[in-house]
Amino acid sequence: MYLKIKTISVEFLSAGQSSVLYTKKNKEGIVVSKVSPYFALWQNLGDDVIISVGNDIPTRVQKGGCALFPSNCAQLCRRGQTTAPFNESDQWLYFEVIINGQYRMDDLYEFPEFLPKEYEAEIAGYISSISRLQKEDHTLCDRLSIMYKIIKILLSVAKRKKAVDDGVLRAIDYIKKNYREQITVNRLSQIASMSESHFFRLFKKQTNVSPIAYINEYRLLMAAMLLENSGKSVSAVAADTGFNEAYYFSKLFMKRFKLSPTAYRKAIETSEKDKAAARRENAKMAENEKKLSFASTLWGA
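Residues numbered from 1 in each chain as written. Predicted model: local features only at pLDDT ≥ 70, side-chain atom pairs only at ≥ 80, totals over all residues. Heavy atoms only, no water.

## Things to note about unusual backbone geometry
Just so we agree on the cut-off: Strands are runs of DSSP state E lasting at least 2 residues, helices are runs of H or I lasting at least 4, and numbering of each runs from the N terminus. Buried residues are those whose accessible area, probed at 1.4 Å on protein chains only, stays under 20% of the maximum for their type, while exposed residues exceed 50% and partly exposed ones sit between those limits.
One non-glycine residue, Asn100, lies in the positive phi region at around 55°. With respect to the element layout, Asn100 can be found in the loop between strand S9 (91-99) and strand S10 (103-104). The class for Asn100 is partly exposed, based on a relative accessible area of 23%. In this structure, Ser193 is a non-glycine residue whose phi angle is positive, near 60°. By relative accessible area, Ser193 is classed as exposed at 61%.

Next comes the structure, spelled out in structure tokens:
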């Protein structure tokens with residue numbers, strides 16, 4: 001399938017941090033795995049860091065480097081023993097771009113793991129501007145204007161994916177819009193205008209997973225976001241993301257994220273507390289440096 005692009009819309013746009021799946025420390029340093037249901041663009045503004053996009057080979061990224069993480073893609077990061085894997089200064093941008101009113105951009109295109117170096121300075125300015133503007137009222141048009149410049153860069157380095165059946169794309173779109181409801185393979189095959197057996201084979205061939213596995217994966221990602229951003233109980237989160245049984249949900253969540261839903265929420269809360277403590281310590285150090293600088297000036301006088 002080759003689509004002529006007629007419309008491009010930005011359905012979601014946010015500058016911030018992504019969801020932490022799990023953190024562990026080994027002899028090589030602190031390792032963090034993240035994920036986002038949205039396309040993520042990350043820029044390293046700290047020390048060198050080892051990044052892996054999905055299951056790809058880990059790559060060292062220097063200051064200024066930009067990594068691209070398609071939606072639902074694992075984001076693996078490693079820094080040294082004494083430094084945080086993802087620095088407070090690192091820039092993140094999350095977005096969902098819909099082409100022709102129906103297809104997600106990363107469903108149609110393959111992107112390089114890292115942006116070419118010539119775009120780094122330009123991207124840094126764009127993300128910084130969006131981050132600043134989103135804190136102000138009545139800036140949506142300004143943020144979207146900047147985002148379309150980023151999309152232009154992304155499409156310039158992207159490659160069209162191999163032909164994906166239009167029926168499979170319709171089924172994927174249906175899953176993402178209706179994951180809270182009960183979804184059957186039979187219903188998806190009807191949406192794709194295929195027999196159930198043919199749809200099952202084609203879906204697995206083009207996505208590398210079965211329809212049910214795809215549905216569960218997307219639900220788990222939505223559940224992780226709810227655990228992070230709401231105070232809902234585990235059973236309520238399970239129900240809100242299409243799982244009938246809390247036990248089954250917890251079992252799948254543990255298998256996918258290596259943490260139970262409760263432990264995941266606690267890890268997020270601990271991470272936020274650590275970040276707040278680090279900000280306070282940095283502010284204290286900055287204040288002490290000012291005092292020392294002032295004292296040095298007086299002494300020199």
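Having seen it, we continue.
## Focus on the environment of Lys149
Inspection of the secondary structure puts Lys149 in helix H3 (residues 140-157). Using a relative accessible area of 43% as the deciding quantity, one classes Lys149 as partly exposed. In sequence terms Lys149 and Ile123 are 26 residues apart; their C-alpha atoms lie 9.3 Å from each other.

## Section: the packing of helix H4 (residues 166-178) against helix H6 (residues 196-207)
Basically, it comes down to this: Angles run from 0 to 180 degrees between N-to-C directions of axes, and those axes are lines fitted to C-alpha atoms, restricted for helices to the stretch in contact. Orientation is classified from the angle alone, with under 35 degrees giving roughly parallel, over 145 giving roughly antiparallel, 65 to 115 giving roughly perpendicular, and any other angle giving oblique. Residue contacts follow a heavy-atom distance rule, with two residues in contact if any of their heavy atoms lie within 4.5 Å. Classification convention: Asp, Glu, Lys, Arg as charged; Ala, Val, Leu, Ile, Met, Phe, Trp, Tyr, Cys, Pro as nonpolar; all other residues, Gly among them, as polar.
For the pair H4 and H6, the least separation of the axes is 10 Å and the interaxial angle reads 85°. On the basis of the axis angle, H4 is roughly perpendicular to H6. Each of Val168, Ala171, Ile172 and Ile175 in H4 lies in contact with H6, whose residues at this interface are Phe199, Leu202, Phe203, Gln206 and Thr207. Residue classes in the contact of H4 with H6 are distributed as seven nonpolar, two polar and no charged.

## As for the side chain of Arg104
Spelled out, the test is: Under the rule applied, a polar contact is a pair of N or O atoms within 3.5 Å (in protein, one hydrogen donor and one hydrogen acceptor; residues adjacent in sequence only if both atoms are side-chain atoms).
Within the secondary structure, Arg104 is located in strand S10. Of the polar contacts made by the side chain of Arg104, one reaches the side chain of Ser71; its length is 3.5 Å. Other than its neighbours up to four places away in sequence, Arg104 contacts Pro37, Tyr38, Ser71, Glu96, Val97, Ile98, Lys176 and Tyr218.

## Details of the environment of Pro261
Position of Pro261 among the secondary structure elements: in helix H10 (residues 261-300). Judged by relative accessible area, which is 3%, Pro261 ranks as buried. Between the C-alpha atom of Pro261 and that of Ser250, which follows or precedes it by eleven residues, the distance is 6.3 Å. The residues touching Pro261, leaving out its near neighbours within four places in the chain, are Leu227, Val234, Phe249, Ser250 and Phe253.

## Some points on the environment of Asn186
With respect to the helices and strands, Asn186 occurs in helix H5 (residues 185-191). Measuring from C-alpha to C-alpha, the distance between Asn186 and Phe200 comes to 9.3 Å, with 14 residues separating the pair along the chain. Separated by 2.9 Å, the side chains of Asn186 and Gln190 make a polar contact.

## A few points about helix H2 (residues 120-133)
As a reminder, the rule being used: Working rule for helices: expected span equals 1.5 Å times residues minus one.
Here H2 spans 20 Å end to end across 14 residues, near enough to the 20 Å set by a 1.5 Å rise per residue. All buried positions along H2 are accounted for by Glu120, Ile123, Tyr126, Ile127, Ile130 and Leu133. As for H2, its buried residues are in contact with strand S1 (8-15), strand S4 (39-43), strand S7 (66-69), S9 and H3.

## Side note on H3
So the rule is basically this: The directions from the helix axis to the C-beta atoms form the arc being described.
Taking 1.5 Å of rise per residue, the 18 residues of H3 would be expected to cover 26 Å, and the 26 Å separating its terminal C-alpha atoms lies within 8% of that figure. Taken residue by residue, H3 has Arg143, Ile146, Met147, Ile150, Ile151, Ile153, Leu154 and Val157 as its buried positions. On an axial view of H3, the arc spanned by its buried residues comes to 160°, and they lie on one face. Residues of H3 that are exposed and point more than 90 degrees away from the buried face comprise Cys141 and Lys152.

## Side note on the pairing of S4
Which entries qualify depends on this criterion: Only strands that DSSP links by at least two bridges are regarded as paired with each other.
Within S4, five of the five residues are buried, leaving the element largely enclosed by the surrounding structure. Burial of the side chains of S4 extends over both faces: Phe39, Leu41 and Gln43 are buried on one face and Ala40 and Trp42 on the other. As paired strands, S4 and S9 are joined by five bridges and run antiparallel to one another. Paired with Phe39 across the two strands is Phe95, which belongs to S9. Bridge analysis of S4 against S7 gives four bridges, and the strand direction is antiparallel. When the bridges of S7 are listed, Leu41 appears paired with Leu68.

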